[in-house]
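# Coordinate inspection notes
Here is how the chains run, residue by residue.
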Amino acid sequence: MEYVKVNDTEVPALGFGTWQLKGKDCVEGVKTALDLGYRHIDTAQAYENEDKVGEGIAQSDVNREDIFLTTKVWRDRLNEKDLKDSVEESLEKLQTDYVDLLLIHWPFEEMDLEAVLDEMNELVEEGKVKNIGVSNFTTDQIEEAQELSEAHLMTDQVEYHPFLDQSAVHSKCVENEMMLTAYSPLARGNVIGNETLKEIGDAHGKSEVQVALRWLIQQENVAAIPKATSEEHIEANLDVFDFELTDEEVEQINGLKGSDRKVDPDFAPNWD
């Protein structure tokens, strides 16, 4: 495993994403990931699977303190009245006393960002949250949030894969000593079959998926949280630490960057 160091914390550069994982698949996926060596698990209130993630962690033999666990607060609870109660509910479902990282899941116009960050900072002081951050924030929103938060923001979690240019957000994260956490790092499976990724993979004995993940985590301050359901794919996603892309190969993949978002716009409003 490789790590991204931010806020004096070493975060595993490759995590296990759980979006759309439900029921038994989620429990078994989390347990399998931990058994295979993952130590970074990502979930959210909106995924409606925190209880299953908690079960998967409980069923594994990995100590809780060895796991970097992230959850996110959804917009209906991002207010002074409901935020803390929602986090208490998340902790109960996750069967833990704290989360390593708590994120604002999506910014929206009506949110009182200062009040929300004040509540999140209090949760840090209470020891229920180790670090706080944001998700799907623009560069301007990152700046605003950093100015309003007493605790240093750890990350901006955004969609990022070879077909989506996130250079501005990445640069802003590095500038602010933050991590960029890449969700949908495989472009919903669309990296498979890409000729550039396949050619590079063939040179290393790796798949297009593994090349895409390696490209991400080889960047400064970037972690990736791919989702997988089968043990074969969960294990394959982890097999990216025994090779390194050359500068030329990195530039070839950089040439694929565009504006190809894969996130459902109904789930991801207010991108402008």
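All values derive from a computational prediction rather than experimental measurement.

Within the protein chain one finds 10 helices and 10 strands. Taken over C-alpha atoms, the radius of gyration comes to 18 Å for the protein chain, in line with the 19 Å a tight globule of 272 residues would show. Its C-alpha atoms give the protein chain principal-axis dimensions of about 55 × 40 × 35 Å. Of the roughly 12100 Å² of accessible surface on the protein chain, a fraction of 39% belongs to carbon and sulfur atoms. Counting 24 positive and 61 negative side-chain charges, the protein chain places the centres of these two groups 5 Å from one another.

Two elements in contact, helix H5 (residues 139-148) and helix H6 (residues 167-175), have axes separated by 9 Å at closest approach and are oriented at 20 degrees. Here H5 is positioned roughly parallel relative to H6, judged by the angle of their axes. As for the relative orientation of H5 and H6, their crossing is right-handed in sense. For the pair H5 and H6, contact is made by Thr139, Ile142 and Glu143 and by Ala168, Val169, Lys172, Cys173 and Glu175, respectively. For the contact of H5 with H6, the residue count by class is 4 nonpolar, 1 polar and 3 charged.

Here we take up the pairing of strand S6 (residues 101-104). Going residue by residue along S6, you find Leu101 and Leu103 tucked away on one face and Leu102 and Ile104 tucked away on the opposite face as well. Inspection of the sheet shows strand S5 (residues 68-73) paired to S6 by 4 bridges, in the parallel sense. Across the sheet, residue Thr71 finds its bridge partner in S6, namely Leu102. Following the chain from S5 across helix H3 (residues 83-94) to the adjacent parallel S6, one finds a crossover that is right-handed. Read from S6 through helix H4 (residues 113-125) to strand S7 (residues 132-135), the crossover connection turns out right-handed.

Right, let's get into the side chain of His161. Along the chain, His161 turns up in the loop between strand S8 (153-159) and H6. From its side chain, His161 meets the backbone oxygen of Asp260 in a polar contact 3.3 Å long. In this structure His161 touches Ser184, Pro185, Leu186, Ala187, Trp215, Asp260 and Lys262, once residues within four positions along its chain are discounted.

Now for unusual backbone geometry. A positive phi angle, near 55 degrees, is found at Asn7, a position not held by glycine. The topology assignment puts Asn7 in the loop between strand S1 (3-6) and strand S2 (9-12). A residue is classified by how much of its surface remains accessible, and Asn7, at 26% relative accessible area, is partly exposed. With a phi angle near 55 degrees, Arg188 is a residue other than glycine that sits in the positive phi range. Within the secondary structure, Arg188 is located in the loop between strand S9 (179-183) and helix H7 (195-204). Using a relative accessible area of 39% as the deciding quantity, one classes Arg188 as partly exposed.

Let us now look at the side chain of Asn176. Within the element layout of this structure, Asn176 appears in the loop between H6 and S9. Those residues in contact with Asn176 that sit more than four places away from it in its chain are Ile142, Glu143, Gln146 and His152.

For the rest of this paragraph, the subject is helix H9 (residues 231-238). Among all positions of H9, only Ile234, Asn237 and Leu238 are buried. In a view along the axis of H9, the buried residues occupy a sector of 100 degrees, so they form one face of it. If you follow the buried residues of H9, they end up packed against strand S3 (16-17), helix H1 (23-36) and helix H8 (208-217).

Basis of the calculations
- Throughout this description, residue numbers start from 1 for each chain and increase along the sequence as written.
- Owing to the predicted nature of the model, reporting of local features is limited to residues with pLDDT of at least 70; listing and counting of side-chain atom pairs is limited to 80 or more, with chain, interface and lining totals taken over all residues.
- As a rule here, side-chain values cover all heavy atoms of the structure and leave hydrogens and water aside.
- Where helices and strands are cited, they refer to DSSP runs of H or I of at least four residues and of E of at least two residues respectively, numbered from the N terminus.
- We take the radius of gyration over the C-alpha atoms and set the globule estimate at 2.2 Å times the residue count to the 0.38 power.
- Using a 1.4 Å probe, accessible areas were evaluated by the Shrake-Rupley method; residue-level cover was limited to the displayed protein chains.
- Just so you know, the count uses Lys and Arg for positive and Asp and Glu for negative, and it drops His and the chain ends.
- A single reference atom marks each charge: NZ on Lys, CZ on Arg, CG on Asp, CD on Glu.
- Orientation is described by axes fitted as lines to C-alpha atoms, over the contacting stretch for helices, and by angles from 0 to 180 degrees between their N-to-C directions.
- Oblique is the label for every angle not falling under 35 degrees (roughly parallel), over 145 degrees (roughly antiparallel), or within 65 to 115 degrees (roughly perpendicular).
- Each helix crossing is assigned a hand: it is left-handed if the near helix lies turned anticlockwise from the far helix by less than a right angle, otherwise right-handed if that turn is clockwise.
- When checking whether two residues touch, look at their non-hydrogen atoms; a contact exists if any pair is within 4.5 Å.
- Charged means Asp, Glu, Lys or Arg here, nonpolar means Ala, Val, Leu, Ile, Met, Phe, Trp, Tyr, Cys or Pro, and polar covers whatever is left, Gly included.
- Think of it in three bands: with a 1.4 Å probe and only protein chains considered, a residue is buried below 20% of the maximum accessible area for its type, exposed above 50%, and partly exposed in between.
- Should DSSP find at least two bridges between two strands, the strands are regarded as paired.
- Every crossover in which the path from the first strand over the helix to the second runs clockwise, viewed with the strands pointing away from the viewer, is termed right-handed.
- Nitrogen and oxygen atoms within 3.5 Å of one another constitute a polar contact, given that in protein one can donate a hydrogen and the other can accept it, and given that sequence-neighbouring residues count only through two side-chain atoms.
- Picture the helix axis, draw a direction to every C-beta atom, and the arc is the one those directions span.

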